[in-house]
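# Remarks on the overall topology
What follows is each chain in one-letter form.
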Amino acid sequence: MEDINLGARVRQFRNMRGLSLRELAARAGTTPSMLSQMENNGVNPSINTLKSLAAALQVPLFKFFQDENKEEKVIVRKGKYKIIGRPEEEVVYQLLTPDVSGMIEFCSMTVPPGQVSSEREMEHAGEEVAYVMAGAVRIYMEGKEYELGEGDCVRIPPQCPHRWENHEEEEAKVIFAITPPSF
């Protein structure tokens, strides 16, 4: 798995916006201490923290993962996927595309039994289409809940608050594609 220096990317965007640690932390709903640890690679932010930081910085989430090396990459080999978020989290997100510089991001999410993707519904600027590869999940979206089983798909409109839950006794695997926002 290729390492991504998320801390440096967060600091770069924070400095570009002229924000102090305290200002960005307040906007993103975290503490200045935690933000400092993230920027210095002392801790890896969760996907939900990254989403909050992206919103506070007014940058698309995928920008944190853009490879600064302009070398074109077209293949990702099995086992070489980039993990998004912290590896110790229960719900694991992997970037399946080589990077996020294209017109679409392709990711996977593994949700262990009894786990949720986040405590509250999150949103992002791009449209998302998800396909349940294995197991079953419940998605909470726009005040409603939907049950999805293996082979089911769902389209999530841009800016639509949503979260995932695995209420079954087996692991659920979901793959999804997200379009980047128009910036």
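Look up: the structure comes first, before these words.
Residues numbered from 1 in each chain as written. Predicted model: local features only at pLDDT ≥ 70, side-chain atom pairs only at ≥ 80, totals over all residues. Heavy atoms only, no water.

## Focus on unusual backbone geometry
What you tend to see is this: most non-glycine residues have negative phi, and most peptide bonds are trans. Unlike most non-glycine residues, N41 shows phi in positive territory, near 60°. Topologically, N41 is positioned in the loop between α3 (32-39) and α4 (47-57). When its relative accessible area of 42% is taken as the criterion, N41 is described as partly exposed. Even without glycine at this site, Q58 takes up a positive phi of about 60°. (Helix = DSSP H or I, 4+ residues; strand = E, 2+ residues; numbered from the N terminus. Buried < 20%, exposed > 50% of the residue type's maximum accessible area, 1.4 Å probe, protein only.)

## Focus on the sheet that holds strand β6 (residues 144-149)
Read across the sheet, 3 strands follow the order β6-β5-β8 without closing on themselves; strand pairing throughout is antiparallel. Both edges of this open sheet fall to β6 and β8 (162-165), since each of them pairs with a single strand only. On average, adjacent strands in this sheet sit at an angle of 25° to one another, irrespective of strand direction. For strand β5 (residues 136-141) and β6, the ladder comprises 6 bridges, and the chain directions are antiparallel. Opposite Y140, over in β6, you have E145 as the bridge partner. (Pairing = 2+ DSSP bridges. Axes fitted to C-alpha atoms, helices over the stretch in contact; angles between N-to-C directions.)

## Some words on the sheet that holds strand β4 (residues 128-134)
Strand order in the open sheet formed by 6 strands is β1-β2-β3-β9-β4-β7, with antiparallel pairing between adjacent strands. Each edge of the open sheet carries a strand with a single partner, namely β1 (82-84) and β7 (153-156). Across the sheet, the axes of successive neighbouring strands diverge by a mean angle of 25°, strand direction being ignored. Judged from the 6 bridges that link them, β4 and strand β9 (residues 172-178) form a sheet pairing that is antiparallel.

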